[in-house]
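Fold and contact review
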Amino acid sequence: AVEKFRADYKSLPYGVESVNLNFDIKSESSTYVTSKLRFVGGGGPLELDGEDLKLVSLRVDGEPVEYELTPDGLKIATPPPAPFELETVVEIDPKANTQLSGLYASSGNLCTQCEAEGFRRITYFYDRPDVMSKYTVRVEADKDAYPVLLSNGNEVGKGVDGDRHWATFEDPFNKPSYLFALVAGDLGHIEDTFTTMSGRQVRLFVWSEHHNVGALDWAMHSLKTSMKWDEDRYGREYDLDVYHIVAVSDFNMGAMENKGLNVFNTACVLAKETTATDGDYERVLGVVAHEYFHNWSGNRVTCRDWFQLTLKEGLTVFRDQHFSEELTSPAAKRIEDIRIIRSSQFTQDASPMSHPIRPESYVAMDNFYTVTVYNKGAEVIRMYRTLLGEGGFRKGMDLYFERHDGEAVTCDDFRAAMADANGKDLTQFEEWYKQAGTPTIKVTERGVKDGAYRLTLTQSNGGKPPLHVPIKAALVAPGGAVAETLFELTDESKTFEFPMAVNGEPYVPSLLRGFSAPVKLSFEPPLSIAELESLAAYDDDAFVKWDSWQQLAARVVLDKYHGAQDAPLPDYLVNAFKATLTNGDEESSLRAYSLDLPDYSTLALELEDLDPTKLCDALKATRLGLATAARAELEACYAAMAPADDTFSLDAAAVGRRRLRNTCLAYLSKLDGGDALCGAHFDAATCMSDSIAPVAQLASKPDSNDRARCLEAFYDKAKKNQEDLVINKWFAIQAMADCDGAIDNVSKLLEHPDFTDTNPNRFRAVVNTFALGNPRHFHSGDGKGYDFIADQICSIDKKNPQVAARLSNAFGSWRRYEPSRRDLMRQALERIKVTAGLSKDTLEIVSRSLV
Ligand code: LEU
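Residues numbered from 1 in each chain as written. Predicted model: local features only at pLDDT ≥ 70, side-chain atom pairs only at ≥ 80, totals over all residues. Heavy atoms only, no water.

Let's shift gears to the overall build of the chain. Secondary structure summary: the chain contains 26 helices and 30 strands in total. By the compact-globule yardstick of 29 Å for 851 residues, the chain fits well, its C-alpha radius of gyration being 28 Å. Referenced to the eigenvectors of the C-alpha coordinate spread, the extents of the chain come out at roughly 85 × 65 × 60 Å. For the chain, the residues scored as buried account for 59% of the 851 residues in total. Here the analysis covers contacts within the chain between residues at least 6 apart in sequence; of these, 70% occur between residues at least 24 apart. Charged side chains of the chain number 93 positive and 128 negative; the gap between the two group centres comes to 1 Å. (Helix = DSSP H or I, 4+ residues; strand = E, 2+ residues; numbered from the N terminus. Rg over C-alpha atoms; globule rule 2.2 N^0.38 Å. Buried < 20%, exposed > 50% of the residue type's maximum accessible area, 1.4 Å probe, protein only. Contact = heavy atoms within 4.5 Å. Lys, Arg positive; Asp, Glu negative; His and termini not counted. Charge placed at Lys NZ, Arg CZ, Asp CG, Glu CD.)

Aromatic rings in a pair are described by how distant their centres are and how their planes are angled relative to each other. For the structure on display, the rule yields 44 aromatic pairs. Considering the side-chain rings of Tyr 14 and Phe 84, the 5.5 Å spacing of their centres and the 80 degrees angle between planes classify their relative orientation as edge-to-face. Here the residue Tyr 14 occupies a position in the loop between strand E1 (4-5) and strand E2 (15-27), and Phe 84 occupies one in strand E8 (residues 84-92), the gap between them amounting to 70 residues. Across this residue pair, the class does not change: Tyr 14 and Phe 84 are buried. Seen in terms of ring centroids, Phe 487 and Phe 498 are 5.1 Å apart; in terms of plane orientation they differ by 70 degrees. Their pairing is edge-to-face. With Phe 487 in strand E27 (residues 480-489) and Phe 498 in strand E28 (residues 493-501), the pair connects residues that are eleven residues apart, well separated along the chain. For the pair formed by Phe 487 and Phe 498, the shared burial category is buried. Taken together, the ring pairs in this structure connect Trp 229, Tyr 234, Tyr 238, Tyr 243, Tyr 292, Phe 293 and Phe 323 into an aromatic cluster. (Phe/Tyr/Trp six-rings, centres within 6.5 Å; stacked < 30°, edge-to-face > 60°.)

Attention now goes to the sheet that holds strand E11 (residues 133-142). Taken together, seven strands build an open sheet; the order of strands is E5-E8-E3-E2-E11-E14-E13 and the sheet is mixed. Every interior strand has two partners, whereas the edge strands, strand E5 (54-60) and strand E13 (154-161), have only one. Shown here is a sheet whose adjacent strand axes are inclined to one another by a mean of 15 degrees, direction ignored. Bridge count between strand E3 (residues 30-40) and E8: nine bridges; the pairing is antiparallel. If you follow Phe 39 over to E8, its bridge partner there is Phe 84. (Pairing = 2+ DSSP bridges. Axes fitted to C-alpha atoms, helices over the stretch in contact; angles between N-to-C directions.)

The subject of this paragraph is the site of the ligand. The environment of the ligand is made up of 13 residues, and the closest members are Glu 115, Glu 257, Glu 291, Glu 313 and Tyr 374. Here an oxygen atom of the ligand sits 3.1 Å away from a polar atom, N or O, in the side chain of His 290. In this structure, an oxygen atom belonging to the ligand sits 3.3 Å away from a side-chain N or O atom of His 294. Surface burial for the ligand is 95%, taken as the share of its 290 Å² of free accessible area covered by protein chains. Residue assignment for the shell around the ligand shows that the elements contributing at least two residues are strand E19 (255-256), helix H2 (278-293) and helix H3 (309-327). Considering only residue class, the shell around the ligand consists of five nonpolar, three polar and five charged. (Near = heavy atom within 4 Å. Polar contact = N/O pair within 3.5 Å; in protein donor to acceptor, adjacent residues only side chain to side chain. Areas by Shrake-Rupley, 256 points an atom, 1.4 Å probe, with all protein chains shown as cover. Nonpolar A, V, L, I, M, F, W, Y, C, P; charged D, E, K, R; others polar.)

Right, let's get into the sheet that holds strand E6 (residues 68-70). Paired through backbone hydrogen bonds, the strands of a sheet run either parallel or antiparallel to each other. Spatial strand order, E4-E7-E6: three strands in an open sheet with antiparallel pairing. In the strand order of this sheet, the two ends are held by strand E4 (46-49) and E6, each with one partner. Across the sheet, the axes of successive neighbouring strands diverge by a mean angle of 20 degrees, strand direction being ignored. Bridge analysis of E4 against strand E7 (residues 73-76) gives four bridges, and the strand direction is antiparallel. By the bridge assignment, Leu 48 is partnered in E7 with Leu 74.

Attention now goes to the pairing of E2. The pairing of E2 with E3 spans eleven bridges and is classified as antiparallel. By the bridge assignment, Ile 25 is partnered in E3 with Thr 31. Connecting E2 to the next strand, E3, in antiparallel fashion are two residues. Relative to E11, E2 runs parallel, the two being bridged by seven bridges. By the bridge assignment, Asn 20 is partnered in E11 with Thr 136.

Here you go:
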């Protein structure tokens, strides 16, 4: 496996002016791909990428030439002077393609996934994003087995020939190979139209296996809403006459923005009230928008090389987050996104897999589709907006699209567009692209001096140069927040002054409002309990308010961890908890998020030599303590949030009520009578959010009669209706269950007739859920959880390296654990590392983790 470096970028000797592909689909296991590539420019040897291809014939300008097959492609040492045409015919076997990269089979249908480096598994090509060409594609197949044939762009011809039929597609836009797509199969669909801002009609299609067609409306709604939003917010119009979304059940990631032909994981498309939770609906909305927004931020303007991935992904995540904020609840959505940064991204940054949003090197690019590149990348984009303002940010975006439409560019180009459009020097801002790790900001001095409130901020990120950090700030007192301002910290340390004269009032500084930078903020000395209570009570910034509660709760959980697990909870925590339960003025989703304790990963970051059992115990004891102390308030809130009738609504208020009610249920389920309450909640449920919440609680109660009954009913209904995604939930709930014998139970799930390791969603529902969502048992002191996951990594790696590599990240934080776990996890990693035939994907994660 070769490591590639960002610094080594070189442009290629040839360009590819046009790509002409013919797919002759003989069967699920045999497709002949004839490729005619017109090379222009340059000179010298021609070296193309290729993987798992069986070369049938090769000609240059119609003549045989000398060539050499290399381990990762094809080399023609002395091609004729350009322009010339290379014609190759290769045979590929989609059915044997268990990696799900390139052309593969899913439930009898054929589809493609080419990002990042899958196109080379379809034909020989310069498989990198800076090679942009016009594609013409012809697909031919048996008309009964594959009645639907799709590829990028407009269908320009079709016909029938006996048992077979064909269709030809032309994509008028230049594109890199990673955006190529093809689908052939027996699919159902729904159809609609969208009229763009310039009055063009676009035909919209959402496709799935026939039995899922009833669950496509929400995706269509999400698509139309996204198209309109990108016009309104960014002035971006769709550019083809047709847009397809195809849902497939076997997919490594979430979804893919292929030009005019998105391919999606079913989990990011299908949504019906009886099968999708509110969170699932939100995910479909966000992912459909994400892939649609890529048409401009990704396809029209793409990446020069894969090190620039955040150029399109960070930007597009930011765009989809903003979209979802406006369509659901701005504050709740923001807190959801901040939670991901602080639990997953900060954890990655605290592990050996830590990397800048623009990585410096990779072995397997697929390993860098990370929460750092995506979500921290989105926070970096958000900081441009904070620094430049909404209007300045839009000017920068306009200039970026205007300058680079049709090009493959870099993060530096994006930053230059932002700087030039606003006449602002953003040189120092590049550090955000260069530095790995979570910067810390310390408030070292604070208080009133000479009638002004001042504070000194000091940044550090492991000795690296200072960053340009936007820090939104205000002063909070019982009357609310005042003197809102933006501090730009560019030096290592600086004293700032709030733009308002202050008297003796006891102000508390509210900093990093809206989480204005992806950093860890701390006060020295720490904020007092009273100050945190004041922020939680009076601040109008949803993030700071929520975070103050999280900090209060974290202190209590960590005290338990360090000391007596059964010491009574301090009054301030119980009071804050009760205040949230009784404060009917606040948005229900925000109340629900305030009631949640900080999660395991977030708390783990605060601890050295982490003892996972003790941390799980501390969390459990705190939850039980709160439930016990606030039983009456929980019951009242639970009752108040009950739905008035059975009408299902997805508006933010209805979603918030369900969320808050199910949060109360989770606490109440820990108390006497909790099992029966869960059983009754399940029986009365009319939507998935309400069905799954009680079953998830019951799963951890092996002695409850309701457990078996509800789990069985949940499964039977899903099975009867062929709802694979609901069966995944049924598996996941059990994999997360915190009860004795958890590892044996999970091993048993692998023997269930519905389990299969060839479907990534199903595999992850059991195995990844256990490794990441069941810390007590994954980290079981005897090492059985580690052994189980290590075995799974080694076996799945043979079929699907991407899935194995991702799962290997479960061991990434091994150094942070107490000596015995640390040793066991290191042994697991070492055992995986020496496994014969390990993929480069998994080897890269495991080796980096061990460094
Ligand atoms: N570009 C995709 C996305 O939108 C990821 C790909 C690897 C399937 O996130």
